[in-house]
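Geometric and topological summary
Chain by chain, the residues:
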Amino acid sequence: MTTNRFDRPNTIPWPPIILISSIAIGFIAQGIYSLSVPTTPLGDLVFGLGLMMIIVALLIDIAAMRTMQKAKTTIMPHKGSEHMVTTGVFAFSRNPIYLANAILIIGIGLVMGTFWHVFIMPFAAFATQKLAIEREEIHLEHKFGNNFRSYKKKVNRWI
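Presented here is an overview of the structure given in this document.

About the criteria used
- Residues numbered from 1 in each chain as written.
- Predicted model: local features only at pLDDT ≥ 70, side-chain atom pairs only at ≥ 80, totals over all residues.
- Heavy atoms only, no water.
- Helix = DSSP H or I, 4+ residues; strand = E, 2+ residues; numbered from the N terminus.
- Expected span 1.5 Å × (residues − 1).
- Buried < 20%, exposed > 50% of the residue type's maximum accessible area, 1.4 Å probe, protein only.
- Core = buried A, V, L, I, M, F, W, Y, C linked by side-chain atoms within 4.5 Å.
- Axes fitted to C-alpha atoms, helices over the stretch in contact; angles between N-to-C directions.
- Parallel < 35°, antiparallel > 145°, perpendicular 65-115°, else oblique.
- Contact = heavy atoms within 4.5 Å.
- Nonpolar A, V, L, I, M, F, W, Y, C, P; charged D, E, K, R; others polar.
- Salt bridge = Lys/Arg side-chain N within 4 Å of Asp/Glu carboxyl O.
- Bend = angle between axes of the 7 residues up to and from the residue.
- Left-handed = near helix turned anticlockwise from the far one by under 90°.
- Phe/Tyr/Trp six-rings, centres within 6.5 Å; stacked < 30°, edge-to-face > 60°.

**Quick word on helix α3 (residues 96-112)**
Between the first and last C-alpha of α3 there are 24 Å, a value that for 17 residues agrees with the 24 Å anticipated at 1.5 Å per step. Within α3, 15 of the 17 residues are buried, leaving the element largely enclosed by the surrounding structure. Looking at the residues trailing α3, positive phi occurs at Gly 113, about 85 degrees.

**A word on the nonpolar core**
Counting 35 residues, the largest nonpolar core has Phe 90, Tyr 98, Ile 103, Leu 104, Ile 105, Met 121 and Trp 158 as its most contacted members. Elements with a contribution of two residues or more to this core: α1 (14-32), α2 (41-70), α3, α4 (116-144) and α5 (146-154). Here this core gets 11 residues from one element, more than from any other, and that element is α3.

**Overview of the packing of α4 against α5**
At a minimum axis distance of 6 Å, the contact between α4 and α5 shows a crossing angle of 130 degrees. It follows that α4 is oblique to α5 by the angle criterion. Contacts between α4 and α5 involve Glu 137, Leu 140, Glu 141 and Phe 144 on the former and, on the latter, Asn 146, Asn 147, Phe 148, Arg 149 and Lys 152. Within the contact of α4 with α5, the residues separate by chemical class into 3 nonpolar, 2 polar and 4 charged.

**Comments concerning the pattern of salt bridges**
Counted by the stated rule, this structure contains 5 salt bridges. Between Arg 94 and Glu 137 there is a salt bridge; the shortest N-O distance is 2.6 Å. Of the two residues, Arg 94 sits in the loop between α2 and α3 while Glu 137 sits in helix α4, which places them 43 residues apart along the sequence. Here Glu 137 falls in the buried class, since its relative accessible area comes to 9%. Note that Arg 157 is salt-bridged to Glu 137, the shortest N-O span being 2.6 Å. Taken as a pair, Arg 157 in the segment after α5 and Glu 137 in helix α4 lie far apart in primary sequence, 20 residues in all. Overall, the relative accessible area of 23% leaves Arg 157 in the partly exposed class. Linked by salt bridges that have partners in common, Arg 94, Glu 137 and Arg 157 make up one network.

**Topic: α4**
With 29 residues, α4 extends 39 Å from end C-alpha to end C-alpha; this agrees with the ideal 42 Å at 1.5 Å per step. Residue Gln 129 marks the point of greatest curvature in α4, where the axis turns by about 45 degrees. Where α4 terminates, the next one or two residues include Gly 145, which has phi positive at roughly 55 degrees.

**Brief notes about the packing of α1 against α4**
Relative orientation of the contacting elements α1 and α4 amounts to 160 degrees, with a least axis distance of 9 Å. One element, α1, and the other, α4, form an angle in the roughly antiparallel class. Read as a crossing pair, α1 and α4 show a hand that is right-handed. Along its contact with α1, which presents Trp 14, Pro 15, Ile 18, Ser 22, Ile 23, Ile 25, Gly 26, Phe 27, Ala 29 and Gln 30, the element α4 presents Trp 116, His 117, Ile 120, Ala 124, Ala 127, Thr 128, Leu 131, Ala 132 and Arg 135.

**A word on the packing of aromatic side chains**
For the structure on display, the rule yields 1 aromatic pair. An angle of 50 degrees between the planes, with centres 6.2 Å apart, marks the rings of Phe 148 and Tyr 151 as tilted. Separated by 3 residues within a single helix, Phe 148 and Tyr 151 lie in helix α5, roughly one turn from each other. Each of the two residues, Phe 148 as well as Tyr 151, counts as buried.

So this is what it looks like as structure tokens:
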């Protein structure tokens, strides 16, 4: 059986690579030039905000994964989708896992006491959009046609 370029969005699972790289780059940048959170009551608030962001990101991830599992479609970003998912967190964001990744990057930085992750996250989001989301959208449009185009009109890409 031959496959064409529309059968799956990518051959490389870019989103987890981007997530892990962004977190690592933030810590490397912190080691080179410190952008630390102040060790004052404000620092405690920043830590609490970061912790809340991590929890929210994990809750979004779990909800999205459970919804995809119930729909019997892949969570792997380099595999082809079997079913279109538009319920649960997917009713609010076409890419809730990638949204959660962006929140997670910032949350980890704030909990660890560095602002570098706040500055890195937009680059990670841009890379995710270019290397994953846009390719996934082409795949989904090819696979699900008007159903996906209608979904795109109703639900934003990120939030």
